[in-house]
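Below are the chains, spelled out letter by letter.
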Amino acid sequence: MEKVFSHPKSLRNVSTHYCAGCGHGIAHRLIAEIVDELGIRERVIGVAPVGCAVIAYDYWDFDCSEAAHGRALAVATGIKRVRPQNIVFTYQGDGDLAAIGTNETIHAANRGENVTVIFINNAVYGMTGGQMAPTTLLGQKTTTTPLGREIKLHGYPLKISEMLALLPAVKYIERVSLHSPPEIIKAKEAIKLAFQNQIDNIGFSLVEILSPCPTYWDMPPKKALDWIKEVMMKEFPIGRIK
Amino acid sequence: MSKKILMTGNEAIAEGAIQAGCRFYAGYPITPQNELPAYMAKRMPEVEGVFIQAESELGAINMVFGASAAGARAMTSSSSPGMSLKQEGISYIAGAELPAVIVNVMRGGPGLGNIWPAQSDYFQATRSGGHGDYHSIVLAPSCVQEAYELMFLAFDLADKYRTPAIILGDGMLGQMMEPIRLSAEHRTPNTEHRKKWTLTGCKGRSPNIVKSFYMVEGDLEKFNLTLQRKYKTIQQKEERFESLFLDDARIILVAYGSMARIAKSVVNNLRKKGKKVGLVRPITLWPFPQKAFTYNLSPKTYYLVIEMSYGQMLEDVKLTINGKAKVEFLGRAGGGIPTEEDIMNKIKRISV
């Protein structure tokens, strides 16, 4: 009988620390499945962020490095330049990639580093307890925007994927979502392409994943998925950006 | 014997690094160390190494973190304000137990300060600098030849102890040209086989993780104790210093780096006149060479600490001597350099 489902070899068989309804577990699994399918487990090197996914290396079963908050793409640059034969990816949240690490992100992209970036956008800082992220929506309440994000005080949600798409050295950017099984299948296809691009030496590839954070959106998991579809996707439309 | 060539300190440091097997350099422009990255930009491609002009000091030090994690001998360089920015990365490098070499060609501070030579970053280099209980090994060359030679030691010590090693020079050393002799020695750049912990892909082994994060209660304390044992070993084994006339000296000058050369001239001149003066020149600033301060310890002996700062190494000298001899100080900073005359005057006042 054909085996159609199994635990990915690149994912350790352990419980995660993530909250109920969090998207990180799904994103981790998609990466592990793709690493297995592409046969690159013994070549891949992951760079974990600072944020909720700080111990992603406890869940993936391949070589990984930590990086200081925001510096994942600088660390990945160092690794990839020394070992171009390896497949190097970063896994970063919105605060890591688009606030404290904006400089590292833009310049790694502009140099056209041949790496893969998995960018988790959940519109909030999770690990530190629900503060405003660069991607927090207008009107969204967080601990540091108790009355909701306001343009005149906090500016607009930062669309860093669209900004990065302007750079000639950036080869592939797509925004996907985890709010339903069909969208998760599309997310997997996008992530796989971002890894395949690196294998084929095409260059800098980034997948932005809209990911639920029921805890700091203050809603039940099901409602968080609906909120992505009905609210978040209006500000961050999914699809290929470049 | 190879012939002598004329080089600036900055260039000699870069060439020393290349010959010591450094194959990754990332840096950001800042005066007075710009000859160093310029030299690396030319030299690295010749040895199939990597040169990156980073977007910032933060970018540079974190690229070094990655390159070191991937097994390369990696370095960065900067000058004082840039070193402040690198402290985050140095703390992570120490915490992840990665080897790396960081060069600080010191200039005047605080703030933007100026581009004149100074030794005002001694505290930053020898105390943790960044956050957490860690130390970097700190080496202080006093001439261009020594700047070149200490690069071999810096990379070897960084690898041996898996810890950051800082070359603490100053703008005078960096900019000055001197004839130096290059060694015939070229280290094998690929040291991966000795580094079982590097990230190479988990082929044929269980995955390696490079990290400084310990979330389970008690684990971080255990890790800190491991670090402390390592630092104790470094303190016991790696002290280095140069000394002159300590056997009978009654006034012992203590200076490092460029400042030590001026102090040495004074000592040699006064010895010709029969004065009982001596010199201690620490080569390792951390570990501080305590063995150098065991001579003539009596209330009649003066240790005169001379720095291009307002008294930073002075604290280590006082801690080491612990009241067993007299300690005097002469210092200028912000571009001022104590001259031979300044030192002679200070010695006269002590001797009276």
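Each value, and the rule that gives it
Residues numbered from 1 in each chain as written. Chains lettered and ligands numbered in written order. Predicted model: local features only at pLDDT ≥ 70, side-chain atom pairs only at ≥ 80, totals over all residues. Heavy atoms only, no water. Pairing = 2+ DSSP bridges. Helix = DSSP H or I, 4+ residues; strand = E, 2+ residues; numbered from the N terminus. Axes fitted to C-alpha atoms, helices over the stretch in contact; angles between N-to-C directions. Domains from an automatic or database assignment. Contact = heavy atoms within 4.5 Å. Buried area = accessible area lost by both parts, 1.4 Å probe. Salt bridge = Lys/Arg side-chain N within 4 Å of Asp/Glu carboxyl O. Polar contact = N/O pair within 3.5 Å; in protein donor to acceptor, adjacent residues only side chain to side chain. Nonpolar A, V, L, I, M, F, W, Y, C, P; charged D, E, K, R; others polar. Buried < 20%, exposed > 50% of the residue type's maximum accessible area, 1.4 Å probe, protein only. Patch = residues over 30% accessible without salt bridge, like charges linked within 9 Å, V, L, I, M, F, W, Y side chains within 5 Å. Areas by Shrake-Rupley, 256 points an atom, 1.4 Å probe, with all protein chains shown as cover. Parallel < 35°, antiparallel > 145°, perpendicular 65-115°, else oblique. Left-handed = near helix turned anticlockwise from the far one by under 90°.

## Digging into the sheet that holds strand β10 (residues 241–244) of chain B
All names here are of chain B. A sheet is described by the order of its strands in space; here five strands give the open sequence β10-β12-β11-β14-β15, paired in mixed fashion. Looking at strand neighbours, the two that pair on one side only are β10 and β15 (326–331), the edges of this open sheet. If you compare each strand with its neighbour and ignore which way they point, the axes differ by 20° on average. Of the pairings in the sheet, the one linking strand β14 (residues 302–307) to β15 comprises six bridges and is parallel in character. In the sheet register, glutamate 307 faces β15, and the bridge partner there is glycine 331.

## Focus: the domain arrangement of chain B
All names here are of chain B. When the domains of chain B are assigned, the result is domain 1 (4–202 + 224–237) and domain 2 (241–351). Counting from both sides, the interface comprises 34 residues of domain 1 and, opposite them, 27 residues of domain 2. Together domain 1 and domain 2 conceal approximately 2500 Å² of surface at their shared face, both sides included; 53% is due to carbon and sulfur atoms. Of all residues in domain 1, Gln119, Tyr122 and Ser142 give up the largest surface area on contact with domain 2, accounting jointly for 28% of the area buried on that side. There are three salt bridges connecting domain 1 and domain 2. Among the ionic pairs, arginine 261 bridges to glutamate 178, the shortest N-O distance being 2.5 Å. Along the contact surface separating domain 1 from domain 2 lie 17 residue pairs in polar contact (both at pLDDT 80 or more). Looking at which element gives the most residues to the side of domain 1 that touches domain 2, the answer is helix α8 (residues 219–237), with four residues. Among the residues forming the side of domain 1 that touches domain 2, the class breakdown is 20 nonpolar, nine polar and five charged.

## Let's talk about the sheet that holds strand β1 (residues 44–48) of chain A
Taken in spatial order, the eight strands make up an open sheet running β9(A)-β7(A)-β8(A)-β4(A)-β3(A)-β1(A)-β2(A)-β9(B), and their pairing is mixed. Each end of this open sheet is capped by a strand with a single partner; those strands are β9 (239–240) of chain A together with β9 (209–210) of chain B. Where β1 of chain A and strand β2 (residues 64–66) of chain A come together, three bridges link them in parallel fashion. Directly across from glycine 46 of chain A, in β2 of chain A, lies its bridge partner cysteine 64 of chain A.

## Looking at the pattern of salt bridges
Overall, the coordinates contain 35 salt bridges over all chains when judged by the stated rule. Lysine 86 of chain B is paired through a salt bridge with glutamate 57 of chain B; the nearest N and O atoms lie 2.6 Å apart. One end of the pair, lysine 86 of chain B, is in helix α4 (residues 80–95); the other, glutamate 57 of chain B, is in helix α3 (residues 57–69), and 29 residues separate them in sequence. Residue glutamate 57 of chain B is classed as buried on the basis of its relative accessible area of 3%. Between aspartate 159 of chain B and arginine 73 of chain B there is a salt bridge whose closest N-O contact spans 3.0 Å. Separated by 86 residues along the polypeptide, aspartate 159 of chain B in helix α6 (residues 144–161) and arginine 73 of chain B in strand β4 (residues 73–78) bring together distant segments of the chain. Within the structure, one salt-bridge network assembled from shared partners comprises Arg29, Glu33, Glu37, Lys188 and Lys192 of chain A.

## Some remarks on the interface of chain B and chain A
The interface is formed by 34 residues belonging to chain B together with 33 residues belonging to chain A. Among the salt bridges present, the one from glutamate 55 of chain B reaches arginine 111 of chain A, with a minimum N-O distance of 3.0 Å. At the surface where chain B touches chain A, the tally comes to twelve residue pairs in polar contact (both at pLDDT 80 or more). In terms of residues, the side of chain B that touches chain A owes the most to one element, α3 of chain B, which gives seven residues.

## Considerations on unusual backbone geometry
All names here are of chain B. Note the cis peptide between threonine 31 and proline 32, where omega equals 10°. The topology assignment puts proline 32 in the loop between β2 (22–27) and α2 (35–46). The amide bond that connects tryptophan 286 to the next residue, proline 287, takes the cis arrangement and shows omega of 5°. With respect to the helices and strands, the residue proline 287 is situated in the loop between β13 (284–286) and β14. The backbone of arginine 162 shows a phi angle near 50°, a positive value even though the residue is not glycine. Inspection of the secondary structure puts arginine 162 in the loop between α6 and β7 (164–170). Assessed through its relative accessible area of 26%, arginine 162 is described here as partly exposed. In this structure, phenylalanine 245 takes a positive phi of about 55° despite not being glycine. Inspection of the secondary structure assignment puts phenylalanine 245 in the loop between β10 and β11 (251–254).

## Observations regarding a nonpolar patch on the surface
Taken together, the side chains of Leu138, Ile151 and Tyr156 of chain A make up a nonpolar region of the molecular surface, amounting to roughly 300 Å² of accessible area. Assignment of secondary structure puts tyrosine 156 of chain A in the loop between α5 (151–154) and α6 (160–165).

## Digging into the packing of helix α2 (residues 72–82) of chain A against α3 of chain B
Each pair of packed helices gets described by two things: the angle between the helix axes and the distance between those axes. Where α2 of chain A meets α3 of chain B, the axes come as close as 6 Å, and the angle between the chain directions of the two elements is 45°. Classified by the angle between their axes, α2 of chain A and α3 of chain B sit oblique to one another. Both α2 of chain A and α3 of chain B take part in a crossing whose hand is right-handed. Facing α2 of chain A, whose interface residues are Ala74, Val75, Thr77, Gly78, Ile79 and Val82 of chain A, α3 of chain B presents Gly59, Asn62, Met63, Phe65, Gly66 and Ala67 of chain B. Across the contact of α2 of chain A with α3 of chain B, the residue classes tally to seven nonpolar, five polar and no charged.

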